[in-house]
Amino acid sequence: REGHRLRSTLLNNIAGAAFFAGDLDAAEGALRENLDLQEAHRPPGHWRIGSAAGALAMFYEENGRSAEAIPLLDRQLAIYATALGEDHIWTSGAGVRLATARLCAGETSRRDELSRALRPIEVARSAGEAIPGDVMRALTHAADMLDAADEPMAASEVRRAMDS
């Protein structure tokens, strides 16, 4: 059982190193292998499967492949909502990422999804709760992607939620 956890960590590290070295094929392969590993060793709907799907989606987003990220982000959001709850901060972060990918892929009719996904983050911030670093990184990434996709109003909405 411990073997797959170590392998998962190694695959994520390999993916990161390959990405920064410019070997995108190796990075994508390691992320896909990690998702397969999680699916093989976890029960269906386990949050780590959602996390692995989200990591591969982020790779696609980073490489301008938002359309390929959408099914993975949709899956991550569904898993997180069921495993962690609709109001969990990670679920909210996954919702923001999905809405951002859809907007960047040209699905502008989905703007309301972004506002809905940001609400739990805004509530947590206004209550003085700390937002986990990985969710803050996802929000920063979302704002940057929205700026690059010429969606300045949506980017501003994300930044306001980060600062609230």
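Our structure is the block above this text.
This report concerns the structure included in the present document. If you're wondering where the values come from, they're calculated on a predicted model, not measured in any experiment.

### Some points on helix α4 (residues 66-83)
- Helix length check: α4 (18 residues) gives 25 Å between terminal C-alpha atoms against 26 Å at 1.5 Å per residue, within 8%.
- Those residues of α4 not exposed but buried are S66, A69, I70, L72, L73, Q76, I79, Y80 and A81.
- Buried-residue contacts for α4 involve α2 (24-41), α3 (47-62), α5 (89-104) and α7 (133-148).
- Looking one or two residues beyond α4, the residue adopting positive phi is G85, at roughly 110 degrees.

### Considerations on the pattern of salt bridges
- If you walk through the whole model with that rule in mind, you get 12 salt bridges.
- The salt bridge involving R102 is made with E107; its shortest N-O contact spans 3.9 Å.
- Judged by relative accessible area, which is 27%, E107 ranks as partly exposed.
- One salt bridge in this structure joins E113 and R102, with 2.9 Å as the shortest N-O distance. Residue E113 is found in helix α6 (residues 111-126), and its partner R102 is found in helix α5; the two are separated by 11 residues along the sequence. Each member of the pair, E113 as well as R102, is classed as buried.

### Looking at α5
- Across its 16 residues, α5 extends 22 Å between first and last C-alpha, which sits within 8% of the 22 Å expected from 1.5 Å per residue.
- Counting buried positions over the 16 residues of α5 gives 14, a clear majority of the element.
- Positioned one or two residues after α5, G106 has a phi angle of 95 degrees, which is positive.

What counts and what doesn't
- Residues numbered from 1 in each chain as written.
- Predicted model: local features only at pLDDT ≥ 70, side-chain atom pairs only at ≥ 80, totals over all residues.
- Heavy atoms only, no water.
- Helix = DSSP H or I, 4+ residues; strand = E, 2+ residues; numbered from the N terminus.
- Expected span 1.5 Å × (residues − 1).
- Buried < 20%, exposed > 50% of the residue type's maximum accessible area, 1.4 Å probe, protein only.
- Contact = heavy atoms within 4.5 Å.
- Salt bridge = Lys/Arg side-chain N within 4 Å of Asp/Glu carboxyl O.

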